[in-house]
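Fold and geometry: a report
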Amino acid sequence: MVLHSTITEENEVPPSAPDLSSLSPLPSLEAAGSSSSDNNMSPAEQEGGNDILSSPSNPASSTIDASNNKGEQRNEKHGDVKAATKLWLDSMLNGYSFIWRLSIVLVLILSWYYAYPTTGNTEQQGEMLEYEDDEEEYDPWSIWGDGFDFNKQREFWIPDEDLPEDIATDLQSTNEELQREATARRQLDPLKWDTFDYWEIYHYFACTKVFTSPRPVWSEQLFRDTRDFYLDFVENDDTPFVGLFRSTYQANDDFYDMSKNAIPYQSGGEKGRGLKAARDIKEGEVIFKSTNNTIIFNDGHTLRKFLFSMNDRFSDPGMVCDILIWAWVQDMEGGTPFAGVVDLDNGNLLNDWGLGGSCEEQDCSANIRCKGVNAALSCYASKDIIEGEELLGDYSDFVSYHAWADLGL
């Protein structure tokens, strides 16, 4: 970035003010009075002269005092003006150096702010992490926002005679949730897909219907295919930047094999899929961490394009629904205010301890906590975990709730 400014040449000196030191100063009122009248006054009159002039009964007294006060005020005012004028001239003469110094300071401040966030530091010693419990109450289900806005005024409406067969069938379903989703779907104009928010995308792909039956655990090959698709998407993205930031990128270049610590399984109930310990794990051990499989979207539209492109590439429409429920919004320090994040590996199957489950089999409090700067997270055991125990995290460690709208979704 080049900064342009008007500056004064180094050798150019502004015209100086005339030297008034050689001029004789005007006699002061006090001096003039003493020279003209003191010689004609008696010693007593000279001694009491000041009392007479300053007497309250003398009308000239207040006039002289007011004149003196006004003179002092004028002198102070003129002194301030002279000082301000001198300061202004100095700043004009040295303006170029001031501007460059200010520019350098601003660049350094901005560079430091974006490179080194001031909060969220992780203290790590080898594979052991420490964490202070946060007792703030929250609703883990609110990670997905407030739901579809059925009160929103939408101009689009599919008439009964033009309804697709699946929407018409769901409208006649005895399942009220499917009916509501079908009502939402008939209001969504496919030509305006680029304006859909999170829940409009969710219902457009009939995700409520998708999750009425258990979803399969993704194979490693399917994850690999999805990651390859993501790389192709990035290469062909026509909007690679959001302002000064990349629209989407991988969290880092690291690789971490979490299969030695956690394995996916069908946990059942509302949670669906989940993770359980592959072995006995000691408190403080790292279970998994962000890797090159962690994908970050700096704006909602890029994530929206990715999801619709996925639907075009893969035959299973439920994959889009999986990505939607696995993704979360995170407050990003030193970059865009918010970003959408998703793990393209089994790390996305970590359930929150508050989402329900079989509390009779184990303590339902979180046994995994996550810390890190932005999306560079490390998740570790907050207590001893026995083999086969479900791994439960705390989404409030990294999720910004009700923030999809802030991301543009």
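All of these numbers come straight from a predicted model, not from anything done at the bench. In every chain, residue numbers begin from 1 and rise along the written sequence. Where local features are concerned, this predicted model is filtered to residues with pLDDT of at least 70; where side-chain atom pairs are given and counted, the filter is 80 or more; whole-chain, interface and lining totals use all residues. Excluded from the side-chain calculation are hydrogens and water; included are all heavy atoms of the structure.

Points about the sheet that holds strand β5 (residues 248-250)
To keep it simple, the criterion reads: One bridge is not enough; two strands pair if DSSP finds at least two bridges between them. Put simply, DSSP marks the helices as runs of H or I at least four residues long and the strands as runs of E at least two long, and each gets a number from the N terminus on. Whenever a helix is involved, its axis is fitted only over the stretch in contact; in every case the axis is a line through C-alpha atoms, and angles between N-to-C directions fall within 0 to 180 degrees.
On the basis of which strands lie adjacent, the open sheet formed by four strands has the order β5-β9-β11-β10 and antiparallel pairing. On the outer flanks of this sheet lie β5 and β10 (328-331), each paired with one strand and no other. Each strand axis lies, on average, 30 degrees off the axis of its neighbour in the sheet, ignoring direction. In this sheet, strand β11 (residues 338-343) lies alongside strand β9 (residues 294-297) in antiparallel orientation, the contact comprising four bridges.

Comments concerning the packing of helix α9 (residues 220-236) against helix α10 (residues 300-313)
In a packed pair of helices, the relevant descriptors are the angle between the two axes and the axis-to-axis distance. Test applied: If an angle is under 35 degrees, it is roughly parallel; if it is over 145, roughly antiparallel; if it lies from 65 to 115, roughly perpendicular; otherwise it is oblique. Crossing handedness: left-handed means the near helix sits turned counterclockwise from the far one by under a right angle, and right-handed means the same turn made clockwise. Contacts are assigned to residue pairs with any non-hydrogen atoms lying within 4.5 Å of each other.
α10 packs onto α9 with a crossing angle of 125 degrees between their chain directions and a minimal axis gap of 11 Å. Accordingly, the angle class assigned to the pair α9 and α10 is oblique. The element α9 and its partner α10 pack so that their crossing is right-handed. When α9 is examined against α10, the residues Thr 226, Phe 229, Tyr 230, Asp 232 and Phe 233 are found in contact with a partner set consisting of Thr 302, Lys 305, Phe 306, Ser 309, Met 310 and Arg 313.

Focus on the packing of aromatic side chains
Applicable threshold: Under the pairing criterion, centres of Phe, Tyr and Trp rings, with the six-membered ring standing for Trp, must be within 6.5 Å; the plane angle then separates stacked pairs below 30 degrees from edge-to-face pairs above 60, leaving the rest tilted. A 1.4 Å probe rolled over the protein chains alone gives each residue an accessible area, and that area as a share of the maximum for its type sets the label: buried under 20%, exposed over 50%, partly exposed in between. Charge-over-ring contacts are defined here by two conditions on Lys NZ or Arg CZ: a distance within 6 Å of the ring centre and an angle within 35 degrees of the ring normal.
Under the counting rule described, the total for this entry stands at 20 aromatic pairs. Relative to Trp 199, the ring of Tyr 198 has its centre 5.6 Å away and its plane inclined at 75 degrees; by these criteria the two rings are edge-to-face. Both residues of the pair, Tyr 198 and Trp 199, belong to the buried class. Through a chain of ring-to-ring contacts, the aromatic side chains of Phe 229, Tyr 230, Phe 233, Phe 297, Phe 306 and Phe 314 assemble into a single cluster. One residue, Lys 276, lies across the ring of Tyr 265, its end atom 5.2 Å from the ring centre.

Re unusual backbone geometry
We note that Ala 206 has phi near 55 degrees; this positive angle belongs to a residue other than glycine. Among the secondary structure elements, Ala 206 is positioned in the loop between α7 (198-204) and α8 (207-210). Residue classification places Ala 206 among the buried residues on the basis of a relative accessible area of 10%. With a phi close to 55 degrees, His 402 is a non-glycine residue in the positive phi region.

Brief notes about α10
We count it as follows: Multiplying 1.5 Å by the helix residue count minus one yields the expected span of that helix.
Helix length check: α10 (14 residues) gives 20 Å between terminal C-alpha atoms against 20 Å at 1.5 Å per residue, within 8%. Within α10, burial applies to Gly 300, Thr 302, Leu 303, Arg 304, Lys 305, Phe 306, Leu 307, Phe 308 and Met 310. Considering only its buried residues, α10 is in contact with α7, α9, β5, β9 and α11 (318-326).

What about the state of the cysteines?
For clarity, the threshold we go by: Cysteine sulfur atoms are paired as a disulfide whenever they fall within 2.5 Å.
Evaluation of the coordinates by the stated rule reveals two disulfides. Covalently, Cys 207 is tied to Cys 321 through a disulfide, its sulfur atoms 2.1 Å apart. Its S-S torsion of about -90 degrees marks the bond between Cys 207 and Cys 321 as left-handed, since a negative value means left-handed. Here Cys 207 is found in helix α8, whereas its partner Cys 321 is found in helix α11, with 114 residues between them in sequence. Note on Cys 321: relative accessible area 0%, which makes it buried. Here Cys 370 connects covalently by a disulfide to Cys 379, the sulfurs 2.1 Å from one another. With the S-S bond torsion at 105 degrees, the cross-link from Cys 370 to Cys 379 turns out right-handed. We classify Cys 370 as buried; its relative accessible area is 4%. When its relative accessible area of 5% is taken as the criterion, Cys 379 is described as buried.

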